[in-house]
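What the coordinates show
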Number of protein chains: 2
Amino acid sequence: MSKAKRLLDILIFASAKRKFTAQEIADEFRISVRTVHRYILDLCDMGLPIYAEQGRNGGYTVLTSRLLPPILFTEEEAVSIFFAFQSLKYYRNLPFDTEAASVAHKLYSSLPSEAKVKVDKIRSYIAFWNPKRTLDAPLLKDILEHSIKNRTLHIQYESKSGLKTKHIRPIGVYAHDGLWYLPAYDYDKNKILLHRVDRIHAILSTENSEEEFMNLEEWFDYREIKKPIRLHVHLTMEGVRQCKSVPYFDGFVITQKDETGYIDTIIDEGELGFITPLFFRLGGHARIIEPRELIDGLRKQAEEILTMYQEGI
Amino acid sequence: MSKAKRLLDILIFASAKRKFTAQEIADEFRISVRTVHRYILDLCDMGLPIYAEQGRNGGYTVLTSRLLPPILFTEEEAVSIFFAFQSLKYYRNLPFDTEAASVAHKLYSSLPSEAKVKVDKIRSYIAFWNPKRTLDAPLLKDILEHSIKNRTLHIQYESKSGLKTKHIRPIGVYAHDGLWYLPAYDYDKNKILLHRVDRIHAILSTENSEEEFMNLEEWFDYREIKKPIRLHVHLTMEGVRQCKSVPYFDGFVITQKDETGYIDTIIDEGELGFITPLFFRLGGHARIIEPRELIDGLRKQAEEILTMYQEGI
DNA sequence: TTAATCATGACATTACTTGTCATGTTTTAT
DNA sequence: ATAAAACATGACAAGTAATGTCATGATTAA
């Protein structure tokens, strides 16, 4: 066994063990204690943070968590990691913020100068924009941890009607448009509800549950239409163009030869409230054939607006 | 110089040089050719992809791009890299896709099994959701490259009025809500315009420009209000709550003692078209005091809706 | 006080590395 | 066809590094 190989093996073993004596390493690797002392010096030269305690109950303690064997990355691969970190730039208080910072530092230091320039350019020329939020989600890390660990929670949640206590089983967390969401099974309502993580004020208690429940990935795959309703809309050419810009409609738009189009699909009735303002914006470019409820909703809102600002003159 | 150190130095040198003879390495490092041959064998054992050509004009060729010195990461640091890659999951055809895949593979292979389980859980329990887009942006990579390289472009762009040719200076690219955007200086319009990358059909030509222009980061910092207009709105308690959920309004909302609130700020007139439908959705929960234009725009839209669906009865 | 630990130097022994020389193979240029 | 330039690899002497043993000293806890 070459010295370099053994040195790395001792490094991995030591970083996993955290606290050990030279005799333990000697036994593990069938070498003398004197050689262990020498290897410890070599590991210090390598930069491993380690301190020694002399005397009875003495030994060595490693101040870093478990290390991996060193990996050879190409420069381009390192740049791809910075690219990925750039996508997190518009988030605050993420899990792994500290670790990401230290990765970035280690990687950046190891780059030759042309590659450093390239990374700096990536940072300046590309962004994954999200709204800068004043709302914080300090419990995000804990929520994620509890989801992964299959725990049920009692939380304090700020709903429309004020602060209430809920008993939930979290499924996972996802970010969208600068906010974090937690789909969770609500034990009182007996259904999966969506929560905003910034509206969770406290985790009152947690219980372990051996029972596995669906995770976020499965939840995304599980698309439920509870109360089907037909959405049928005629679109002008401009209507087609605008609908293709709206994520919700994009997959539904059928374009015709003369570049007008239509939507004819089945959606869930619960989504009508969400798409009403979308049709307000589209105006004459989208003529709703069905459902009647959507037309009525639009007319009701329009009447409210006219009433409200009629008096304002 | 220890053998391990020299071996790494030769690895870095070789990966940068790509094609070389044993004599060149011998000259560079002041060692014999026979020793070079042995080091090459050691590098092969390390996994460096390298092949040899015998005969006149022979030598060695390395099949990988420039390598970095090996870095020691902790397990948690590796997990943070996977976390960052998870944030890219809802994008397609990104720059560095290939490299990211190979990083992920290298890292995952180096993990002990408990850490592999943790990474798998992160992948299953957290998402950075974006709408799944049917629109592709195959030119994204090129656009980013040209931005970084300070080039001006002639592009074919699909606008409202059809396909047209534009002469632009790209500033950078950013992603928002599943789409990629390119702010660029338009030489014909003499102003910075926002373009959708999926609507760029072709890059007709590029020219190098020595002159540095603002980059994306600077553009984001440079907030321009061209035509100031006052936005003054009274909000009910529910209006406060809903406005705080809208990124645009979030920073403007002032909450009062009785939990109603108001917005009183200066915005750019060009943004009125964007916020009109937001007020449609708010309805009676937000009463617009100013500007008059916004009230008029709302009333006009409302009248159009009522006219349109009156005839539909 | 004793035992268990780290710290380090000295030196003999062992192991590994290097360079020189030799033999063989492959390719290209003349 | 021959020569030159390259890789491929073995053998062996010489040089260098690593290891283990032994010794001395310091520090802590029981």
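Residues numbered from 1 in each chain as written. Chains lettered and ligands numbered in written order. Predicted model: local features only at pLDDT ≥ 70, side-chain atom pairs only at ≥ 80, totals over all residues.

1. Thoughts on the overall build of chain A
Across its full length, chain A carries twelve helices and 14 strands. For chain A, whose C-alpha radius of gyration is 29 Å, the value lies well above the compact-globule estimate of 20 Å for 313 residues. For the C-alpha atoms alone, the extent of chain A along its principal axes is close to 90 × 50 × 40 Å. Buried positions account for 29% of the 313 residues belonging to chain A. By sequence separation, contacts in chain A at least 24 residues apart represent 60% of the contacts at least 6 residues apart. (Helix = DSSP H or I, 4+ residues; strand = E, 2+ residues; numbered from the N terminus. Rg over C-alpha atoms; globule rule 2.2 N^0.38 Å. Buried ≥ 20, exposed ≤ 12 C-beta atoms within 10 Å, placed from the backbone. Contact = placed C-beta atoms within 7 Å.)

2. Considering the domain arrangement of chain A
How big an interface is tends to be stated in terms of accessible area lost as the parts join. Taken domain by domain, chain A comprises domain 1 (3–62), domain 2 (75–125), domain 3 (140–221) and domain 4 (228–311). One C-alpha centre belongs to domain 3 of chain A, the other to domain 4 of chain A, and the line joining them spans 32 Å. (Domains from an automatic or database assignment.)

3. Considering the pairing of strand 8 (residues 179–186) of chain B
All names here are of chain B. In this sheet, strand 8 lies alongside strand 6 (residues 162–170) in antiparallel orientation, the contact comprising three bridges. If you follow Arg 169 over to strand 8, its bridge partner there is Tyr 185. Relative to strand 8, strand 7 (residues 173–176) runs antiparallel, the two being bridged by three bridges. Across the sheet, His 176 pairs through a bridge with Leu 179, a residue of strand 8. In the sheet, strand 8 pairs with strand 9 (residues 191–196) via six bridges, with the strands oriented antiparallel. (Pairing = 2+ DSSP bridges.)

4. Some remarks on the protein's contact with DNA strand D
Neighbouring residues of DNA strand D: 25 residues in total, closest Arg34(A), Thr35(A), Gly55(A), Arg56(A) and Ala52(B). Breaking the surface near DNA strand D down by element, the ones donating at least two residues are helix 1 (3–17) and helix 3 (33–46) of chain A together with helix 2 (22–29), helix 3 (33–46) and strand 3 (59–62) of chain B. (Near = placed C-beta within 6 Å.)

5. Re the interface of chain A and chain B
Taken residue by residue, the interface counts 78 residues in chain A and 79 residues in chain B. Counted by class, the side of chain A that touches chain B contains 44 nonpolar, 19 polar and 15 charged residues. The pairing of strand 7 (residues 173–176) of chain A with strand 4 (residues 126–128) of chain B spans three bridges and is classified as parallel. Following the sheet pairing, Ala175(A) is matched in strand 4 of chain B by Phe128(B). (Nonpolar A, V, L, I, M, F, W, Y, C, P; charged D, E, K, R; others polar.)

6. Quick notes on the sheet that holds strand 12 (residues 253–255) of chain A
All names here are of chain A. On the basis of which strands lie adjacent, the open sheet formed by four strands has the order 12-13-11-14 and antiparallel pairing. Looking at which strands have only one partner, the edges of the open sheet turn out to be strand 12 and strand 14 (286–290). Adjacent strand axes in the sheet meet at a mean angle of 25° when their direction is disregarded. Across the sheet, helix 9 (residues 237–244) lies against strand 11 (228–235), strand 12, strand 13 (261–268) and strand 14, angled at about 140° from strand 12, the strand it touches most. (Axes fitted to C-alpha atoms, helices over the stretch in contact; angles between N-to-C directions.)

7. Points about the relation of the copies chain A and chain B
One chain copy maps onto the other through a rotation about an axis and a shift parallel to that axis. Mapping chain A onto chain B calls for a screw motion: a turn of 180° about the axis and a shift of 0.0 Å along it, with 0.2 Å RMSD after fitting. Here the transformation between the copies is reduced to the relation of a two-fold axis. Taking C-alpha positions as the reference, the residue of chain A nearest the rotation axis is Ala302(A), at 2.1 Å. Looking at chain A, 100% of its interface residues are interface residues in chain B too, so the copies touch through the same face. (Least-squares fit on C-alpha atoms with pLDDT ≥ 70 in both.)

8. Some words on the packing of helix 4 (residues 75–86) of chain A against helix 5 (residues 97–110) of chain B
The relative placement of two packed helices is expressed as an angle between their axes plus a distance between the axes. Where helix 4 of chain A meets helix 5 of chain B, the closest approach of the two axes is 8 Å, and the angle between their N-to-C directions is 95°. When the axes of helix 4 of chain A and helix 5 of chain B are compared, the pair comes out roughly perpendicular. For the pair helix 4 of chain A and helix 5 of chain B, contact is made by Glu76(A), Glu77(A), Ser80(A), Ile81(A) and Ala84(A) and by Glu99(B), Ala100(B), Ser102(B) and Val103(B), respectively. Among the residues forming the contact of helix 4 of chain A with helix 5 of chain B, the class breakdown is four nonpolar, two polar and three charged. (Parallel < 35°, antiparallel > 145°, perpendicular 65-115°, else oblique.)

9. With respect to helix 4 (residues 75–86) of chain B
Given a rise of 1.5 Å per residue, twelve residues ought to cover 16 Å, and the 17 Å separating the end C-alpha atoms of helix 4 of chain B matches this to within 8%. Buried residues dominate helix 4 of chain B, accounting for eleven of its twelve residues. Within helix 4 of chain B the residues assigned to the buried category are Glu75(B), Glu77(B), Ala78(B), Val79(B), Ser80(B), Ile81(B), Phe82(B), Phe83(B), Ala84(B), Phe85(B) and Gln86(B). Contacts from the buried residues of helix 4 of chain B go to helix 4 and helix 5 (97–110) of chain A together with helix 5, helix 6 (113–125) and strand 4 of chain B. (Expected span 1.5 Å × (residues − 1).)

10. Remarks on the sheet that holds strand 3 (residues 59–62) of chain A
Residues and elements named next belong to chain A. Taken together, three strands build an open sheet; the order of strands is 1-3-2 and the sheet is antiparallel. Both edges of this open sheet fall to strand 1 (19–20) and strand 2 (50–53), since each of them pairs with a single strand only. Where strand 2 and strand 3 come together, four bridges link them in antiparallel fashion. Across the sheet, Ile 50 pairs through a bridge with Val 62, a residue of strand 3.

11. A few points about the nonpolar core
Formed by 82 residues in total, the largest nonpolar core has its most connected members in Val173(A), Val197(A), Val173(B) and Val197(B). Residues in contact with Val197(A), not counting those within four places in the same chain, are Ala137(A), Leu139(A), Leu140(A), Ile143(A), Val173(A), Trp180(A), Tyr181(A) and Leu182(A). In this structure, Phe279(A), Val233(B), Val253(B) and Phe279(B) belong to the second largest nonpolar core, which totals 36 residues. (Core = buried A, V, L, I, M, F, W, Y, C linked by C-beta atoms within 7 Å.)

12. Considerations on the protein's contact with DNA strand C
Close to DNA strand C lie 25 residues, the nearest being Ala52(A), Arg34(B), Thr35(B), Gly55(B) and Arg56(B). Of all the elements in the fold, those that place two or more residues in the surface near DNA strand C are helix 2 (22–29), helix 3 and strand 3 of chain A together with helix 1 (3–17) and helix 3 of chain B. The residue makeup of the surface near DNA strand C, split by class, is five nonpolar, 13 polar and seven charged.

13. What to know about the environment of Glu290(A)
Residues and elements named next belong to chain A. Looking at the secondary structure, you find Glu 290 in strand 14. A residue is classified by how many C-beta atoms lie within 10 Å of it, and Glu 290, with 13 of them, is partly exposed. Sequence separation between Glu 290 and Ile 229 is 61 residues, and the spatial gap between their C-alpha atoms is 8.8 Å. Aside from chain neighbours lying at most four places away, what touches Glu 290 is Arg 230, Leu 231 and His 232.

14. Here's the deal with unusual backbone geometry
Here the amide bond leading from Glu290(A) into Pro291(A) is cis, since omega sits at 10°, within 30 degrees of zero. Positive phi, normally seen in glycine, also occurs at Asn93(A), with a value near 55°. Position of Asn93(A) relative to the elements: it lies in the loop between helix 4 and helix 5. Using a count of 12 C-beta atoms within 10 Å as the deciding quantity, one classes Asn93(A) as exposed. Positioned with a positive phi, Asn190(B) is a non-glycine residue whose angle comes to about 60°. Tracing the sequence through the fold places Asn190(B) in the loop between strand 8 and strand 9. Residue classification places Asn190(B) among the exposed residues on the basis of 7 C-beta atoms within 10 Å.

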